[in-house]
Structures are given as structure tokens and as C-alpha cells.
Amino acid sequence: MIRINCPVCGSRDENEFTYGGDANVVRPAMDEAETGPWLDYVFMRDNPRGPHREYWHHVMGCRQWLMLERDTLTHEIGDCILARGVA
Amino acid sequence: MGLLSKGFSGLRVLKEGLTGNTGWTPHWRDPEPKAEYDILIIGGGGHGLATAHYLASVHGLTNVAVLEKGYIGGGNIGRNTTIVRANYFLPGNSEFYSHSLKLWEGLEQDLNYNVMHSQRGIFNLFHSDGQRDAFARRGNAMINQGDDAILLDRDGVRKHLPYLDYDNVRFPVYGALYHPRGGTARHDAVAWGYARGADSRGVDILQNCEVTGIDIEGGVVKGVQTTRGAIRAKKVGIVVAGRSGQVAAMAGMRLPIESHVLQAFVTEGLKPVIDNVVTFGMGHFYISQSDKGGLVFGGDLDSYATYAARGNLPTVEHVMEAGMTLMPMIGKAKILRSWGGIMDMTPDGSPIIDKTGIDGLYIDCGWCYGGFKAVPASGHCFAHLIATDRPHEAATGLRMDRFRTGYGIMDEEGTGSQHNLH
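Sequence order as written defines residue numbering, which begins from 1 separately in each chain. Just so you know, chain letters begin at A and ligand numbers begin at 1, following the order they were written in. Per-residue local features of the predicted model are confined to residues with pLDDT of at least 70, and side-chain atom pairs are confined, for both listing and counting, to 80 or more; whole-chain, interface and lining totals are unaffected and use all residues.

Undergrad: I keep staring at the overall build of chain A and nothing clicks. Help me out?
TA: Helix and strand definitions follow DSSP, with helices as H or I runs of at least four residues and strands as E runs of at least two, each counted in order from the N terminus. Looking only at helices and strands, one finds one helix and six strands in chain A. Principal axes of the C-alpha set define a box for chain A whose edges measure 40 × 25 × 20 Å. Within chain A, the proportion of its 87 residues that are buried is 21%. In chain A, the proportion of contacts linking residues at least 24 apart, taken out of those at least 6 apart, comes to 46%. Exposure classification rests on a simple neighbour count of other C-beta atoms within 10 Å of a residue's own: a residue reaching 20 or more is buried, one at 12 or fewer is exposed, and one in between is partly exposed. C-beta atoms are placed from the backbone. Here, residues touch in the contact sense if the C-beta positions derived from the backbone fall within 7 Å of one another.

Undergrad: Please explain the overall build of chain B as it appears in this structure.
TA: Of the regular secondary structure elements, chain B holds twelve helices and 18 strands. With respect to the three principal axes, the spread of C-alpha positions in chain B is 65 × 65 × 40 Å. Each of the 422 residues in chain B was classed as buried or not, and the buried ones make up 52%. A fraction of 73% describes how many contacts in chain B between residues 6 or more apart in sequence connect residues 24 or more apart.

Undergrad: Help me understand the interface of chain A and chain B, please; the structure alone is not making it clear to me.
TA: Often the size quoted for an interface is simply the accessible area lost on bringing the parts together. Each partner contributes residues to the interface: chain A has 20 residues there, and chain B has 22 residues. Those elements giving two or more residues to the side of chain A that touches chain B turn out to be β3 (18–22), α1 (35–42) and β4 (51–57) of chain A. Only Asp, Glu, Lys and Arg are considered charged in this grouping, and only Ala, Val, Leu, Ile, Met, Phe, Trp, Tyr, Cys and Pro are considered nonpolar; every other residue, Gly among them, is considered polar. Tallied by class, residues from the side of chain A that touches chain B come to seven nonpolar, eight polar and five charged.

Undergrad: So what exactly am I meant to see when it comes to the pairing of strand β14 (residues 286–289) of chain B here?
TA: Put simply, side chains in a regular strand alternate between the two faces of the sheet. All names here are of chain B. Of the two faces of β14, the one holding Y286 and S288 and the one holding I287 and Q289 are both buried throughout. Alignment of strand β13 (residues 277–279) against β14, held across two bridges, turns out to be antiparallel. Across the sheet, the residue bridging to V278 is I287, located in β14. Strands are labelled as partners when DSSP assigns at least two bridges between them. Joining the antiparallel neighbours β13 and β14 is a turn of six residues. Of the strand pairs in this sheet, β14 and strand β15 (residues 294–305) are connected by four bridges, and their pairing is antiparallel. Bridging from a neighbouring strand, S288 pairs with V296 of β15. Turn length for the β14-β15 hairpin, with the two strands adjacent in sequence and antiparallel, is four residues, and the turn residue G293 shows positive phi of about 110°.

Undergrad: What is the right way to look at the domain arrangement of chain B in this model?
TA: Residues and elements named next belong to chain B. Where each domain starts and ends comes from a domain assignment, either automatic or drawn from a database. Per the domain assignment, the segments making up chain B are domain 1 (2–17 + 30–86 + 88–113 + 187–256 + 348–405) and domain 2 (122–182 + 258–345). Here domain 1 and domain 2 have C-alpha centroids that lie 28 Å from each other. Of all the elements in the fold, those that place two or more residues in the side of domain 1 that touches domain 2 are β3 (83–84), α4 (93–105) and α9 (244–250). Per element, the largest residue contribution to the side of domain 1 that touches domain 2 is four residues, and it comes from α4.

Undergrad: Whenever I open this one, helix α10 (residues 313–326) of chain B confuses me. Can you help?
TA: Turn by turn, an α-helix covers 3.6 residues, leaving residues three or four places apart pointing in a common direction. Residues and elements named next belong to chain B. By this rule the span expected of a helix is its residue count minus one, scaled by 1.5 Å. Here α10 is 14 residues long and its end C-alpha atoms lie 20 Å apart, about the 20 Å a rise of 1.5 Å per residue gives. Taken residue by residue, α10 has T315, V319, A322, G323 and L326 as its buried positions. Summarising the axial view, the buried residues of α10 lie within an arc of 100°, below the 170-degree limit, and thus occupy one face. Of the surrounding elements, those touching the buried residues of α10 are β12 (258–269), β14 and β15. Read the arc as the range of directions from the helix axis to the C-beta atoms.

Undergrad: Would you explain the packing of α4 of chain B against helix α11 (residues 371–388) of chain B in this entry?
TA: Axis angle and axis distance: for two packed helices, these are the angle between their axes and the distance between the axes, and together they describe the pair. All names here are of chain B. Each axis is a line fitted through C-alpha atoms, taken for helices only over the stretch in contact, and angles between the N-to-C directions span 0 to 180 degrees. For the pair α4 and α11, interaxial distance at closest approach is 8 Å and the crossing angle is 100°. Relative to α11, the element α4 is oriented roughly perpendicular. Where α4 approaches α11, its residues F96, Y97, H99, S100, L103 and W104 are matched on the opposing element by K373, A374, P376, A377 and H380. Considered class by class, the residues forming the contact of α4 with α11 number seven nonpolar, three polar and one charged. In this scheme, roughly parallel covers angles under 35 degrees and roughly antiparallel covers those over 145, while 65 to 115 is roughly perpendicular and the rest are oblique.

Undergrad: Would you take a moment to explain the nonpolar core for this structure?
TA: By convention in this section, buried Ala, Val, Leu, Ile, Met, Phe, Trp, Tyr and Cys residues joined through C-beta atoms within 7 Å make up a nonpolar core. The biggest cluster of nonpolar side chains holds 121 residues, and the ones touching the most others in it are L40, I42, V64 and V66 of chain B. Considering each element in turn, this core owes the most residues, nine residues, to α11 of chain B. When residues of this core are assigned to domains, at least three fall in each of domain 1 (2–17 + 30–86 + 88–113 + 187–256 + 348–405) and domain 2 (122–182 + 258–345) of chain B. When residues no more than four places from it in sequence are discounted, the contact partners of V66 of chain B are I41, G44, G48, L49, A52, A198, V203, I205 and L206 of chain B. I4, F17 and W56 of chain A together with Y304 of chain B belong to the second-largest nonpolar core, a separate cluster that totals ten residues.

Below you can see the structure in the form of C-alpha cells.
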């Protein structure tokens, strides 16, 4: 069981959360007309084996979007902050 | 004489049985890497070994090596739920999996190897009027593709599967889409059979040979670096499933892939009780019984990016609950083991067999949680692409640029073409 340290609710089980994907991708400007930046944002992923910065939604808790560091090999959780401050 | 000395046959088994089983030999060699090959296949799983087999047997290309970081058959091909089917809906997938099932049906003769392909039939259960309509539509698509599908009502299902909980209050069984040509195969034997097929035609299978770098000069692939030394090659194919992201990164590429874990479970051996493959339409659960008697079943992804080849308990609990809801009779069976395999998930849940932006470098990936059934066609079509530089007619839909253009995206489940939705 992964335990996520929600800054609002404290340490909670993974099944209260929904994984929201890679937090390193950056949405292009809305008037971006080239397909390349949108391809990179929507579909392409680094998919690292190790530290990964990612979004989780505490959907069964405070309903806040969180951004946290998690190791994709060990499932070790690092810093966890509210996503609205950074995304 | 070949029948008695080299190939497998009833006569050979009899002869060996009568002479102390002293004549069996290893099914493939363990050669030293050569300095150069025409073609390197990175990844000695089912897809990579099948690719090598078809390069040799269909295209006559035998100066080929398969590079495997561990031992062949030690990855997802050695740990899966062994289901073989051609019940896809969308153009692109439909003809590809149809092609694969036809290859399965001739595979044992082609390989002279018993892969225990068992067309025991698959029942996809439905539990509502809406789901019946969707399955009828899928069945029509399968029939249009030339495959088989029969829509069964509740009584029709009961004749085959008397042990289901038909009157479950929440999820009553309305019927099933029955796919008689679907079934299972012995997963390890598929890897071994393809390895033997490739090796016997001259392909070198190099185990404990991890690729650590891909050499590219001026946009052209020149070879690879491995833990057993540098190997030059004119063409390189990447077919490494869950590790696609890492190997592609060696060539400076990003992929539309995120790796997730899929768990599966097997019970102690039981007497024959489940004759077919059964899938629950209202929870993540599907099951069959292996020839050893173990109930083999699985569910959905754990649904977060991971390379840890183990799952977590919430998914275990869901799978067990779904199984008990559908067929309470399995409740006393003891789970013998569970495992987690790393799945190369694409945003639309459909695979990629394509060239890359680098000359001579090809990639076969994105099999999500459905790679086993695809092994023959994936190998067949990837070999065709590498040998001829043109996609095989059954794999024209499996192109990487569908994500750039938005045209031809194959979201089979209709859940949306984004990561984490499949």
C-alpha cells in the first residue's frame, strides 16, 4: 500500500487518491498552432525508472490536486505539495 | 530420418522413451556475440523471439541476433494469463489480431513445437441491456473481420457456465459474447518454440546481454553497446515492452508510453472446473484454468506509473471481490502466487509497430496489457517492417504518427485517448 502524505489530510492510503500523471509536461500556449508541442504535452512521456514528479488527486479526501515526488521503482514518496501553487 | 533425430514427433518421444531419454539436446545454442550482424533485435521476450523467427523463416534473414538482458522467456512472456483472442472492434486492431489468431492456429505446425494452444472459447459476460448492445456491435465487427462471435442469452451461457452467480442482485448475468476460437496457450512454450525456430535457422540468441547504448551516426543506426561488448548492425529493432522508454531514450527518443504494473494470480492446482476463459463485464476480473489445474486470473492495472514488478493491495482486493461476485465457488481455492508485470501503456491502449526518425532503427511497443495474444502477428509484422521497410498489411494502423496527426487513434475501450485511462 502506498501512503501519500497529503498536506491537507495527512498520511492516507493510495486508494483514496487517483493518479494524475506526469507533472513535468507543460501545456503549450493556447494559441500554439504547431502540432509538435501539443504532441509532447498530451502524449509523449519521459517515463523514467526512478524519481518521478507527478499529480495525484485526493478524490476521496479533501479533493485537492497534489504534486509529489515518487520513485517509480521503490514507490518511495518524497515531497508532496498542493498542485495549485505550481501548476 | 529428420523426424526421429531432430524434430519433435510421437515417434521421437517413443524412441527416446525406449532408449533412456539420452538423445534430447538443448533447444537452442548459447553462442558468443559476433562483432557484427545484419539485424539486432533488442529484447528476447515473445515478441522479439517471434520477430527473429519470422525474419529467418519468412524473409531468409539469418545474420540476426536477439539481445536479452536476462534469460529468454523471463519477462512478461513467462508471466501472463495466456489468453489468445481476436475480439477487437476498431479497424487497425481488428485485422491485426485476426491475423495473429490465424498465425496461432498454425503455430505448432510452423514451429514443430507444442505450445498447447487450446481454443477453449472465451465468454465475455454482459450484465445490462446497454452492455448487450455494445457486445452485439462488437460481435458484428468480429464477424465482419471474418472471425467468430456468437451472442448468447442467459440460458445459452448457463449451458456452458453453470457455476456463475446468475441471480446476483447487483450484477445479474444477461448473457455473453462467445468467441469459440479464443482460448489459451502455454506461455513459456511460445517463447521456447520461437527461440528454437529462430536458432535452428542460424539466429544467435544472446542471453545476459543487456543493451546499454545505441550507436547512431548522422541519423543512422550503427549498432549497440552491450554488457557483452559492442555489436555493429545495419538495422536494430527495439521490442522491450515495459522498458521501451529506457531503451528509446538511448536513441534520444521519447515515446507515447507510460509503464504501469498489471497483477495476476494463480491458485493451487484443482480438478478441471473452468473449461473456458470467462470475463466479468462489471468488474475487473477474468479467469481460466491452466492445464496444471491452477485457476489463473487477473484484473486491472494498479493505475500509476511504476517499474516495480509487484502490485499493491487495493487492486488485489478488487480482483478477489469481483471474482467472488461472479463465481462464489472459487472462494475456497487457495492463492498460490501473484505477480506484477510491467506494461507499456499507450494513450489509446493500442500498440505501435513502426520506423523511428532514425534510419535503420525500428520499434515495436505499446502492447499494454494485451501483448500475449499478439506475439505471432507482432513478430510477423515487425519482421516484415524490418526486412522490407514497409508495414505489413495487417499492421498499417499501428503507426506512431497517429498521435501527432490525431488520425487513426484506436481507443478500443472508448474511454478517451489519454494516459492513465486504459
